[in-house]
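# Structural overview for review
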Amino acid sequence: MNKTVLAVAMAAIAGGANAQAVAPAYPDAAASDPAVLGWMRGSPPAPEKMIRYEDGSFLRFPQIRWTFSHVRELRPTAAVWHGSGPVAPLPVALTKLDDLRFDDDKGQSTTWADMLQRTYTDGIIVLHKGSVVYEKYFGVSTPVLPHSAFSITKSFIGLLAAMLAHEGKLDPNAPITAYVPEVKDSAYGDATVRQLMDMTIGVRYSENYADKQSEVWDYARAGGMVPAPPGYAGPKNFYEFLRGLKKEGQHGDAFAYKTANAEMLSWVVRRAAGKPVAELMSERIWSKLGAENDGYFQVDSAGMESGGGGLSLPLRDMARFGEMIRLGGKFNGQQIVPQAVVDDIRKGGDPARFAKAGYPDVPGYGKGYSYRNMWWVSHNGNGVFDARGIHGQRIYIDPKAEMVVVKFSSHPVASNLGNIPLTDRGFAALAGVLGKGE
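Residues numbered from 1 in each chain as written. Predicted model: local features only at pLDDT ≥ 70, side-chain atom pairs only at ≥ 80, totals over all residues. Heavy atoms only, no water.

Helix and strand content of the chain: 14 helices and 15 strands. With the C-alpha coordinates of the chain rotated into their principal frame, the extents come out at 55 × 55 × 45 Å. Counting over 438 residues, the chain shows a buried share of 60%. Across the chain, every contact between residues at least 6 apart in sequence was considered, and the portion connecting residues at least 24 apart equals 69%. (Helix = DSSP H or I, 4+ residues; strand = E, 2+ residues; numbered from the N terminus. Buried < 20%, exposed > 50% of the residue type's maximum accessible area, 1.4 Å probe, protein only. Contact = heavy atoms within 4.5 Å.)

Written as structure tokens, this is what we have:
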């Protein structure tokens, strides 16, 4: 695996918001279509069409265009059960959107359909006022096949933590060690749960993929997300990895997006709830949505679900989830998430703390956006807030336009800076069109 591919692969594992790699010229969406290329077809597949965990080919491009919809075939997982109740219907009122025109991030006119191809879309669904107005699948993606959500996982973990806090089962102002005393000698020993939930933790955690001694490599090896080399003697699961992290900087001072914090919050949530995260998510959210299918978490060798980026979920069920959040936590005839929890997320965090991180502006978000309970909050005129995962995963909620967009992608560049400048202009144009129809 060459250095560029390694950088992209490690960015995929870590889920870093600003992770970037200098990418070579990649084949376009049509040329990299996994169904056309025939990855993993045959009994057995031809050697050149085989995708494996052991040799790292599962994280190369264009192989990732197959991998992201087939993680459970390569890695150990824990199911998020969808429950035994009836499926909640999604009304359908399809609208022709492919020819919708808008200016891209280079100031050139483009179309909705072109945007989908240019961002290597695997599946996309748009809800307006609860009805499906657009739904398409590409490559090997299908309505029922779970797709890697990457760092959207963090937003689920943050939501579960906020729900437990609302119920009094988790105190955001308490020290992390009140729930996980094992980390008293780590970076988290003097931090609070709230600082963890909003990612204002001072921890020495580098996501420099070119440096094999950086913490991101330890994280990936510990969780089994990349094969460990012969003679590896480092942390063998997320528990061991988190206990070894050291403090750097001051807690609560500034936003700093680091995947390790989501893994730590996942451990706190597991302790506060007294059960595995996959079970908790099924019990509190997934089984109540009227979902069609199970989701699943990747797990490490100790069975700990990856709270930083290990979720895979089906597109239509993600749309149900997004609509539930848009409606203030109510869906399928019940209040699934307390209204106060959703309101707190929509209110956002402290933009001043967020600004210290120096993140580039996101189209439509401007300079005032923030982060709350592991959700991104725009503070713009439409009140947009969203969950993001690298390579182009998105739950985009526009309350004013009454619109939810869920998008799965397999963009060759891991960093969302490779796709957000284009996709968000498309989402904003779509919101304008749907709003005019009211």
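A few words on helix α12 (residues 339-347). Burial in α12 covers these residues: Val341, Val342, Asp344 and Ile345. Looking straight down α12, one finds its buried side chains confined to an arc of 160 degrees; they lie on one side. Here the buried face of α12 lies against α5 (152-166), α6 (193-197), α11 (315-326), β11 (370-372), β12 (375-377) and β13 (385-389). Where α12 ends, the next residue or the one after it, Gly348, has phi of about 85 degrees, a positive value. (Arc of directions from axis to C-beta.)

Before going further, it helps to examine unusual backbone geometry. Residue Pro44 is bonded to the preceding Ser43 through a cis peptide linkage, with omega at 0 degrees. Secondary-structure assignment places Pro44 in the loop between α2 (34-37) and α3 (64-67). Note the cis peptide between Phe61 and Pro62, where omega equals 15 degrees. Residues other than glycine seldom take positive phi values, yet Asn332 does so here, at roughly 55 degrees. One can find Asn332 in the loop between β9 (330-331) and β10 (334-335).

Residues Trp112, Tyr188 and Phe321 are the most contacted members of the largest nonpolar core, which totals 124 residues. With nine residues, α5 is the single largest residue contributor to this core. What Trp112 contacts, discounting residues up to four positions off in sequence, is Leu97, Asp98, Leu100, Phe102, Ile124, Val126, Tyr134, Gly426, Phe427 and Leu430. In terms of nonpolar packing, the next biggest core, distinct from the first, is built from eight residues, Phe61, Phe68, Phe150 and Ala414 among them. (Core = buried A, V, L, I, M, F, W, Y, C linked by side-chain atoms within 4.5 Å.)

This part takes up the packing of aromatic side chains. Under the counting rule described, the total for this entry stands at 24 aromatic pairs. Judged by centre distance (4.9 Å) and plane angle (80 degrees), the rings of Phe68 and Phe150 are edge-to-face. Here Phe150 lies in strand β6 (residues 147-150) and Phe68 lies in the loop between α3 and β1 (77-80), a separation of 82 residues in the sequence. For the ring pair Trp112 and Phe427, a centre distance of 6.2 Å and an interplane angle of 45 degrees mean the geometry is tilted. (Phe/Tyr/Trp six-rings, centres within 6.5 Å; stacked < 30°, edge-to-face > 60°.)

Inspection of the secondary structure puts Ala78 in strand β1. Distance in space between the C-alpha atoms of Ala78 and Phe297 is 5.2 Å, their sequence separation being 219 residues. When residues no more than four places from it in sequence are discounted, the contact partners of Ala78 are Ala278, Gly295, Tyr296, Phe297 and Val299.

Our focus in this paragraph is the sheet that holds strand β8 (residues 311-313). On the basis of which strands lie adjacent, the open sheet formed by four strands has the order β1-β7-β8-β6 and antiparallel pairing. In the strand order of this sheet, the two ends are held by β1 and β6, each with one partner. On average, each strand axis in the sheet is inclined to that of its neighbour by 30 degrees, with strand direction left out of account. Against the sheet, helix α10 (residues 277-284) makes contact with β1, β7 (295-298) and β8, and its axis sits at roughly 15 degrees relative to β1, the strand it touches most. (Pairing = 2+ DSSP bridges. Axes fitted to C-alpha atoms, helices over the stretch in contact; angles between N-to-C directions.)

Attention shifts here to the sheet that holds β13. Taken together, the seven strands give an open sheet; going across it, the order is β5-β4-β15-β14-β13-β12-β11, and neighbouring strands pair in antiparallel fashion. In this open sheet, the two edge strands, each paired with only one partner strand, are β5 (131-137) and β11. Each strand axis lies, on average, 20 degrees off the axis of its neighbour in the sheet, ignoring direction. Looking at chain direction, strand β14 (residues 393-398) and strand β15 (residues 403-409) are connected through five bridges and run antiparallel. Bridge pairing links Arg394 to Lys407 in β15. Of the strands in this sheet, β4 (121-128), β5, β12, β13, β14 and β15 touch α11, which is tilted by about 145 degrees from β15.

Any two packed helices are characterised by how steeply their axes cross, that is the angle between the axes, and by the distance between the axes. Their axes nearest at 11 Å, the elements α5 and α10 cross at an angle of 70 degrees. Here α5 is positioned roughly perpendicular relative to α10, judged by the angle of their axes. Once α5 is placed against α10, the crossing between them reads as left-handed. From α5, Phe156, Ile157, Leu160, Met163 and Leu164 reach across to α10, where they touch Val277, Leu280, Met281 and Arg284. Considered class by class, the residues forming the contact of α5 with α10 number eight nonpolar, no polar and one charged. (Parallel < 35°, antiparallel > 145°, perpendicular 65-115°, else oblique. Left-handed = near helix turned anticlockwise from the far one by under 90°. Nonpolar A, V, L, I, M, F, W, Y, C, P; charged D, E, K, R; others polar.)

Our focus in this paragraph is the confidence of the model for the chain. Looking at the chain, pLDDT values average 92 and 92% of them are 70 or higher. Contacts from residues 1-23, a stretch scored under 50 in pLDDT, to residues over four places away or in other chains number 69 contacts. (pLDDT = per-residue confidence, 0-100.)

Any two side chains of opposite charge can pair, so long as their charged atoms come close to each other. Inspection of every chain in the model, using the stated rule, returns 28 salt bridges. We note a salt bridge from Arg118 to Asp104, for which the minimum N-O separation is 3.2 Å. Remark: Asp104 occurs in the loop between β2 (101-103) and β3 (109-111) and Arg118 occurs in helix α4 (residues 112-118); sequence separation between them is 14 residues. With relative accessibility at 6%, the residue Asp104 sits in the buried group. Note that Arg221 and Asp218 form a salt bridge whose closest N and O atoms lie 3.6 Å from each other. Of this pair, Arg221 and Asp218 both sit in helix α7 (residues 215-222), separated by three residues, roughly a single helical turn. The network of salt bridges with shared partners includes Glu135, Glu292, Arg316, Asp317 and Arg320. (Salt bridge = Lys/Arg side-chain N within 4 Å of Asp/Glu carboxyl O.)

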